[in-house]
Amino acid sequence: MKVNNPHELIGKEICDAKGNTIGTIDKWWNSWNQEYPGYFFGIKTNDNIRDTWFRGTTKLIPIYSDYIQDVGERITLSKTTEELGRFWNKTVHFGPKTWPMDDLVEKPVYDRNHSRVGTFCAWVESDGTFKNYGCFVDPYLCDTWKMPFNTMMPMPTEYITDVKDTVTLNKTLDELRAHWKQYFNF
């Protein structure tokens, strides 16, 4: 669903496709898709949903605005809690290694020269496959590069080379900037 004013959704109760209350919208970020203004939203889950479907995490569960089916007194998603939980609990492969998706969220992201890029925040899936990961770009880089603040930028799955306490990419800051210029003119 196209969302015109993401500010209006902050604090609203959010339900899955079956009408089950999941929690509330806590944050929003701009998407890299400027032709169809989409947003990413962070859901603060309620205790029952958190413990049953999301391994007890207190991290925000990221969703893309395309998952929103209806906005009224409450927000209704086009996905069930089971579908959302499947991606949250999925294991991600980086070469010969695997990593739990829920552990990647909120990890710092660095380029191959060990320069801070931002924070791992979300993913975009299609037909059950991860297509891109979302990096919330560090405010210093946004200021330096004159790019929009509060923006999630895509990291193709093949960019990630290692994960430990941080996520390491196989690209430099200059290469990332060149890649992201196709989404924003900065």
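Structure: above.
The sections below set out a description of the structure shown in this document. Fair warning: this is a prediction, and the values are worked out from it, not measured in the lab.

## Remarks on the pairing of strand β5 (residues 68-71)
Bridging between β5 and strand β6 (residues 75-77) involves 3 bridges; their strand directions are antiparallel. Counted as the bridge partner of Val71 is Ile75 from β6. In textbook terms, the turn of a hairpin is the stretch between consecutive antiparallel strands, and for β5 and β6 this stretch comprises 3 residues.

## Brief notes about the sheet that holds β6
Within the open sheet, the 6 strands sit side by side as β4-β3-β2-β1-β6-β5. Their pairing is mixed. Each edge of the open sheet carries a strand with a single partner, namely β4 (61-64) and β5. If you compare each strand with its neighbour and ignore which way they point, the axes differ by 35° on average. Relative to β4, strand β3 (residues 39-45) is paired through 4 bridges, and the arrangement is antiparallel. Bridged to Gly42 within β4 is Pro62. Running at roughly 115° to β4, helix α2 (residues 81-88) makes contact with β2 (21-30), β4 and β6 of the sheet.

## A word on the nonpolar core
Within the largest apolar cluster, 56 residues are counted, with the highest numbers of intra-cluster contacts made by Phe41, Ile63, Leu77, Phe120 and Tyr133. Tallying contributions element by element places strand β10 (residues 116-126) first for this core, with 5 residues. With residues up to four places along the chain from it excluded, the contact list for Tyr133 reads Trp32, Val92, Phe94, Met101, Phe120, Ala122, Trp123, Met153, Pro154, Met155, Thr157 and Ile160.

## Here's the deal with the packing of aromatic side chains
Considering all chains together, one arrives at 5 aromatic pairs under this definition. Judged by centre distance (5.5 Å) and plane angle (85°), the ring pair of Trp28 and Tyr39 falls under edge-to-face. Placement of Trp28 in strand β2 and of Tyr39 in strand β3 is noted, with a sequence separation of 11 residues between them. Both residues of the pair, Trp28 and Tyr39, belong to the buried class.

## Let's talk about the pattern of salt bridges
Enumeration according to the criterion identifies 7 salt bridges in this entry. For Arg74, the salt bridge is made with Glu13, and the minimal N-O distance between the two is 3.2 Å. One end of the pair, Arg74, is in the loop between β5 and β6; the other, Glu13, is in strand β1 (residues 13-15), with 61 residues separating them in the sequence. With relative accessibility at 36%, the residue Arg74 sits in the partly exposed group.

## Description of the side chain of Asp162
Of note, Asp162 is situated in strand β13 (residues 160-163). Among the polar contacts made by the side chain of Asp162, one reaches the side chain of Lys164 at a distance of 2.8 Å. Here Asp162 is in contact with Lys97, Val167 and Thr168, once residues within four sequence places are set aside.

## A word on the side chain of His179
For His179, the position within the fold is in helix α5 (residues 173-180). Using a relative accessible area of 17% as the deciding quantity, one classes His179 as buried. Not counting chain neighbours up to four residues away, the residues in contact with His179 comprise Pro154, Pro156 and Tyr159.

## Focus: α2
For α2, the complete set of buried residues consists of Thr81, Leu84, Gly85, Phe87 and Trp88. Here the buried residues of α2 occupy an arc of 160° about the axis, which is enough to place them on one side.

## Quick word on the environment of Trp145
Along the chain, the position of Trp145 falls in helix α4 (residues 139-145). In this structure the C-alpha to C-alpha distance between Trp145 and Asp165, which are 20 residues apart in sequence, comes to 26 Å. With near-sequence residues (within four places) excluded, Trp145 lies in contact with Leu173, Arg177, Trp180 and Phe186.

Rules of the game
- Along every chain, residues carry numbers that run from 1 in the direction the sequence is written.
- The model is predicted, so local features are restricted to residues of pLDDT at least 70 and side-chain atom pairs to those at 80 or more, both for listing and for counting; the totals for chains, interfaces and linings are taken over all residues.
- The basis for every side-chain value is the complete set of non-hydrogen atoms in the structure, without hydrogens or water.
- Strands qualify as paired when DSSP identifies two bridges or more between them.
- What counts as a helix is a DSSP run of H or I of at least four residues, what counts as a strand is a run of E of at least two, and both are numbered from the N terminus.
- An axis is simply a line fitted to the C-alpha atoms; with a helix, the fit covers only the stretch in contact. Between two such axes, the angle follows the N-to-C directions and lies from 0 to 180 degrees.
- Residues count as neighbours in contact if any of their non-hydrogen atoms are within 4.5 Å of one another.
- In plain words, nonpolar cores are sets of buried Ala, Val, Leu, Ile, Met, Phe, Trp, Tyr and Cys residues tied together by side-chain atoms within 4.5 Å.
- Exposure is judged per residue with a 1.4 Å probe applied to protein chains only, and the accessible area is read against the type maximum: over 50% gives exposed, under 20% gives buried, and values in between give partly exposed.
- Any pair of Phe, Tyr and Trp rings, taking the six-membered ring for Trp, is counted once the centres come within 6.5 Å. Such a pair is stacked with planes under 30 degrees apart, edge-to-face with planes over 60 apart, and tilted for the rest.
- Salt bridge, as used here: a side-chain nitrogen of Lys or Arg that lies within 4 Å of a carboxyl oxygen of Asp or Glu.
- The term polar contact refers here to a pair of N or O atoms within 3.5 Å; inside protein, the definition further demands a hydrogen-donor-capable atom paired with an acceptor-capable atom, and it admits residues adjacent in sequence only when both atoms are side-chain atoms.
- It is the directions from the helix axis to the C-beta atoms whose arc is reported.

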